[in-house]
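Next come the chains, spelled out residue by residue.
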Amino acid sequence: MDLNLLCFIMFSFLFVGYLLLEGFDYGVGMLLPFLGKSDREKQAIVQTMAPVWEGNEVWLIAAGAVLFAGFPHVYATLFSGLYLALFLILMTLILRGVAFEFRDQDNNPKWRRFWDWATFFGSIIPSLLWGVAFTNMLAGLPIDVEKQYAGTFGDLLSIYTLTGGLFFVLLFLLHGAVFLTLKLDRRFLLKTRKLGLIISKYTLLLSVGFIILSFLYTDLAAKLVPALALAALFLALFFCRRYLKSHHYVLSFTFSTIAIISTVSAIFSGLFPRLIVSSLNPDWSLTVYNSASNPLTLKIMAVTMAICLPVVLALEAWKYHIFSERVPVATSDIQSNKLVWRRLQWHYQQIKTHLCNLFSIIRK
């Protein structure tokens, strides 16, 4: 395996991790203004995201670092051609982060309602634009021989890319609804299950259109792996709805997870060895070879990520283990948050103590 392929796999893996973990955050954020009736219920919904959303954003930062260091030409072309879309994603993510922090600073209902809607727009806009961006990379952008974007913002919009954007919105909505069946107080189960069944029906229907358009607008049909991944996407959505209907919430969340992994895997495996397809001339497409950094940079990136990724995965597993309990509505206020953070600090002190003991043994 050469370094170019290895860096491409790492970039793909990081984006799968980002969309998988941030996907339910997006979904929960979109459901926030509609699912909770009282402020206490909405606070409980926010609390399902509050301990983990910042860590989920790290995956995007890491993916951007790999793209910047490993494939600088792709990074430059994306941020010139998709500048407005990526700028909107960045601004809405900042708005959503501010909403999480500012919502509890005032008990005024209008204040909290404003930040609830800020969370909503900070979730639906990135979901839509990620779908538009990925389908554009797959269907083709007007990239010239100089590896420059030669189109306008209007060139980013088509039936396929808008369908892809809407599909990503529904996919994350479903992922978030199923996530809430595992995280919220059990009194919410009937409500979230009913909402999840409605969303799953439309997601399943739209997935058929997305798959058909993917075969019509791209070359995915000619490749075995992405074609199988799209088939797995449809089956995963089918079983997600089936298990949600039969009250098997863990299995339902498992299949919504598989659906996101299948979608992103189909896109990246369909792209390879390209990273951006040129609609002007296939020979002008940006690939993992003609847009890569020098071998030394790729080697440094590969070694760095080989060391950091296991640590990140271990921390993610530990984080979700710590915050694995359901969030009860009755105790979802500020005091409950303090109790959670005290428990997290206790676990941190335990790990610190064990590490100190280990270093003492090694020193002896």
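Since the model is a prediction, treat every value here as computed from it, not as a measurement. (Residues numbered from 1 in each chain as written. Predicted model: local features only at pLDDT ≥ 70, side-chain atom pairs only at ≥ 80, totals over all residues. Heavy atoms only, no water.)

**Notes on the overall build of the chain**
- Within the chain, the regular secondary structure consists of 12 helices and 2 strands.
- Along the chain, helices and strands appear, N-terminal first, in the series α-α-α-α-α-α-α-α-α-α-β-β-α-α.
- Projected onto its principal axes, the C-alpha coordinates of the chain cover approximately 60 × 60 × 40 Å.
- Looking at the chain alone, contacts between residues at least 24 apart form 79% of all its contacts between residues at least 6 apart.
- By element, 70% of the accessible surface of the chain is carried by carbon and sulfur atoms, the whole surface being about 17400 Å².
- Each charge sign in the chain was given a centre, from 30 positive and 20 negative side chains, and these centres are 11 Å apart. (Helix = DSSP H or I, 4+ residues; strand = E, 2+ residues; numbered from the N terminus. Contact = heavy atoms within 4.5 Å. Areas by Shrake-Rupley, 256 points an atom, 1.4 Å probe, with all protein chains shown as cover. Lys, Arg positive; Asp, Glu negative; His and termini not counted. Charge placed at Lys NZ, Arg CZ, Asp CG, Glu CD.)

**What to know about the packing of aromatic side chains**
- For the structure on display, the rule yields 39 aromatic pairs.
- A ring pair is formed by Phe-167 and Phe-210, whose centres lie 4.8 Å apart and whose planes are at 10°; its orientation type is stacked. With a gap of 43 residues between them, Phe-167 in helix α7 (residues 159-183) and Phe-210 in helix α8 (residues 189-217) connect regions that are remote in the sequence.
- Phe-167 sits in the buried class, given a relative accessible area of 0%. (Phe/Tyr/Trp six-rings, centres within 6.5 Å; stacked < 30°, edge-to-face > 60°. Buried < 20%, exposed > 50% of the residue type's maximum accessible area, 1.4 Å probe, protein only.)

**Here we look at the state of the cysteines**
- This model, assessed by the stated rule, comprises 0 disulfides.
- Counting only cysteine sulfurs, Cys-308 is the nearest neighbor of Cys-7, a cysteine outside any disulfide, at a range of 13 Å.
- Classification of Cys-7 as buried rests on a relative accessible area of 0%. (Disulfide = S-S within 2.5 Å.)

**Observations concerning the nonpolar core**
- Counting 104 residues, the largest nonpolar core has Phe-15, Tyr-18, Leu-19, Phe-71, Trp-130 and Phe-134 as the members making the most contacts within it.
- Ranked by residues supplied to this core, first place goes to helix α1 (residues 3-35) with 18 residues.
- The contact partners of Phe-15, leaving out residues within four places of it in the chain, are Leu-60, Ala-63, Trp-130, Phe-134 and Phe-268. (Core = buried A, V, L, I, M, F, W, Y, C linked by side-chain atoms within 4.5 Å.)

**Re the environment of Leu-315**
- In this fold, Leu-315 is placed in helix α11 (residues 295-322).
- A relative accessible area of 49% places Leu-315 in the partly exposed class.
- Through-space distance from the C-alpha of Leu-315 to that of Thr-161 is 35 Å; in sequence the pair is 154 residues apart.

**Some words on α1**
- The end-to-end C-alpha distance of α1, which contains 33 residues, comes to 47 Å, matching closely the 48 Å that a straight helix rising 1.5 Å per residue would cover.
- Within α1, 27 of the 33 residues are buried, which leaves it mostly tucked inside the rest of the structure. (Expected span 1.5 Å × (residues − 1).)

**Comments concerning the side chain of Glu-57**
- On the secondary structure map, Glu-57 appears in helix α3 (residues 53-70).
- Here Arg-96 takes part through its side chain, which lies 3.0 Å from a polar atom of the side chain of Glu-57.
- Each residue touching Glu-57, except ones within four places of it in the same chain, is listed here: Tyr-18, Glu-22, Leu-93 and Arg-96. (Polar contact = N/O pair within 3.5 Å; in protein donor to acceptor, adjacent residues only side chain to side chain.)

**Quick look at the pattern of salt bridges**
- Evaluated as defined, the whole model comprises 10 salt bridges.
- Between Asp-116 and Lys-42 there is a salt bridge whose closest N-O contact spans 3.9 Å. Of this pair, Asp-116 sits in helix α6 (residues 109-139) while Lys-42 sits in helix α2 (residues 39-49), placing them 74 residues apart in sequence.
- Ionic pairing is found between Asp-219 and Arg-274, a salt bridge with its closest N-O pair at 3.2 Å. Placement of the pair is Asp-219 in the loop between α8 and α9 (224-245) and Arg-274 in strand β1 (residues 274-276), with a sequence separation of 55 residues.
- For Asp-219, a relative accessible area of 29% translates into the label partly exposed. (Salt bridge = Lys/Arg side-chain N within 4 Å of Asp/Glu carboxyl O.)

**Overview of the environment of Gly-29**
- Residue position: Gly-29 is located in helix α1.
- Gly-29 gets classed as buried once you look at its relative accessible area, which sits at 0%.
- Apart from residues lying up to four places away in sequence, Gly-29 is in contact with Met-49, Thr-119, Phe-120 and Ser-123.

**Digging into unusual backbone geometry**
- At the junction of Phe-272 and Pro-273, the peptide bond is cis and its omega measures out at 5° in the coordinates.
- By secondary structure assignment, the location of Pro-273 is in the loop between α10 (249-271) and β1.
- Non-glycine residue Lys-147 carries a positive phi angle of around 65°.
- Residue position: Lys-147 is located in the loop between α6 and α7.
- Although it is not a glycine, His-247 adopts a positive phi angle of roughly 70°.

**Description of the layout of surface pockets**
- Quantified by volume, the largest pocket comes out at close to 620 Å³.
- In terms of lining, the largest pocket is formed by 25 residues, of which the most central are Leu-60, Gly-64, Phe-79, Leu-86 and Trp-130.
- Per-class residue counts for the lining of the largest pocket are 23 nonpolar, 1 polar and 1 charged. (1 Å grid on protein atoms, 1.4 Å probe; cavity = no way out; pocket = protein on both sides within 12 Å on 5 of 7 lines; lining within 4 Å. Points joined across faces, edges and corners; volume = space filled by probe spheres on them. Nonpolar A, V, L, I, M, F, W, Y, C, P; charged D, E, K, R; others polar.)

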